[in-house]
Amino acid sequence: WLYLYRHSPQVQMAQPYFLLLVLLGCAISSSAIIAMAQEDDGDGPVHACMAIPWLYSVGFCVTFGTLFAKIWRIYKIFKSSAEMRRVQVTLTESLQVIGSVL
């Protein structure tokens, strides 16, 4: 749906890169459920059990980092507008904020 309507004004205003990253983070977090469904053979450690906290934590960090970067971007724009100057927040700056959360 997001790819199909990427040129619509509603998706453009919601910033499709952020929407894709939130979707990616939720998909990674939800993939922890697949790891929980794996059964133990009884002969050693189950690698799926070790993957559960990693999948959920990384997915949460990507989702939360994306939302935090979006709020930071809005804060920076509004702060600069109060000082009557124009500022442009690039995608790489936002990705750096997301990377710092990871």
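So, helix 2 (residues 16-36): which residues are in play, and what are the values?
For helix 2, which comprises 21 residues, the first-to-last C-alpha distance of 31 Å matches the rise-based estimate of 30 Å (1.5 Å per residue) to within 8%. Among the residues making up helix 2, those that are buried are Pro 16, Phe 18, Gly 25, Ser 29, Ala 32 and Ala 35.

Describe the packing of helix 2 against helix 3 (residues 47-82), naming the residues involved and giving the relevant values.
Following both chains from N to C, one finds helix 2 and helix 3 inclined at 165°, their axes separated by 8 Å at the closest point. For the element pair helix 2 / helix 3, the angle class is roughly antiparallel. As for the relative orientation of helix 2 and helix 3, their crossing is left-handed in sense. Across the contact of helix 2 with helix 3, the residue classes break down as 17 nonpolar, 6 polar and 2 charged.

If you had to explain the packing of aromatic side chains to someone new, which residues and values would you point to?
This structure, assessed with the given rule, holds 1 aromatic pair. On the basis of an interplanar angle of 10° and a centroid distance of 5.8 Å, the ring pair of Phe 60 and Phe 64 is categorised as stacked. In this pair, Phe 60 and Phe 64 are both assigned in helix 3, 4 residues apart and thus about one turn of the helix distant. Given the relative accessible area of 46%, Phe 60 is considered partly exposed. Among the residues examined, Phe 64 registers a relative accessible area of 43% and is labelled partly exposed.

Account for the confidence of the model for the protein chain, with residues named and values stated.
The pLDDT averaged across the protein chain works out to 83; a share of 94% of its residues lies at or above 70. Predicted confidence in the protein chain is weakest over helix 1 (residues 9-13), with a mean pLDDT of 76, and strongest over helix 2, with 88.

Kindly report on the environment of Ser 8, identifying the contributing residues and their values.
Tracing the backbone through its elements, the reader meets Ser 8 in the segment before helix 1. Between the alpha carbons of Ser 8 and Val 87 there is a distance of 25 Å; along the sequence they are 79 residues apart.

Explain helix 4 (residues 91-101) to me, using residue names and the numbers behind them.
Those residues of helix 4 that sit buried are Ser 94, Val 97 and Ile 98. Along helix 4, the residues classed as buried sweep out an arc of 95° about the axis, all on the same side. With respect to the buried face of helix 4, the exposed residues turned more than 90 degrees away are Thr 92, Gln 96 and Ser 100. In this structure, the buried side of helix 4 is in contact with helix 2 and helix 3.

Talk me through the packing of helix 3 against helix 4; I want residue IDs and the actual numbers.
At a closest axis distance of 8 Å, the pairing of helix 3 and helix 4 adopts a crossing angle of 135°. With respect to helix 4, the element helix 3 is oriented oblique. Both helix 3 and helix 4 take part in a crossing whose hand is right-handed. Of helix 4, the residues touching helix 3 (which contributes Cys 61, Phe 64, Gly 65, Thr 66, Phe 68, Ala 69, Trp 72, Arg 73 and Lys 76) are Glu 93, Ser 94, Val 97, Ile 98 and Val 101. Along the lines of polarity and charge, the residues of the contact of helix 3 with helix 4 split into 8 nonpolar, 3 polar and 3 charged.

What counts and how
Residues numbered from 1 in each chain as written. Predicted model: local features only at pLDDT ≥ 70, side-chain atom pairs only at ≥ 80, totals over all residues. Heavy atoms only, no water. Helix = DSSP H or I, 4+ residues; strand = E, 2+ residues; numbered from the N terminus. Expected span 1.5 Å × (residues − 1). Buried < 20%, exposed > 50% of the residue type's maximum accessible area, 1.4 Å probe, protein only. Axes fitted to C-alpha atoms, helices over the stretch in contact; angles between N-to-C directions. Parallel < 35°, antiparallel > 145°, perpendicular 65-115°, else oblique. Left-handed = near helix turned anticlockwise from the far one by under 90°. Nonpolar A, V, L, I, M, F, W, Y, C, P; charged D, E, K, R; others polar. Phe/Tyr/Trp six-rings, centres within 6.5 Å; stacked < 30°, edge-to-face > 60°. pLDDT = per-residue confidence, 0-100. Arc of directions from axis to C-beta. Contact = heavy atoms within 4.5 Å.

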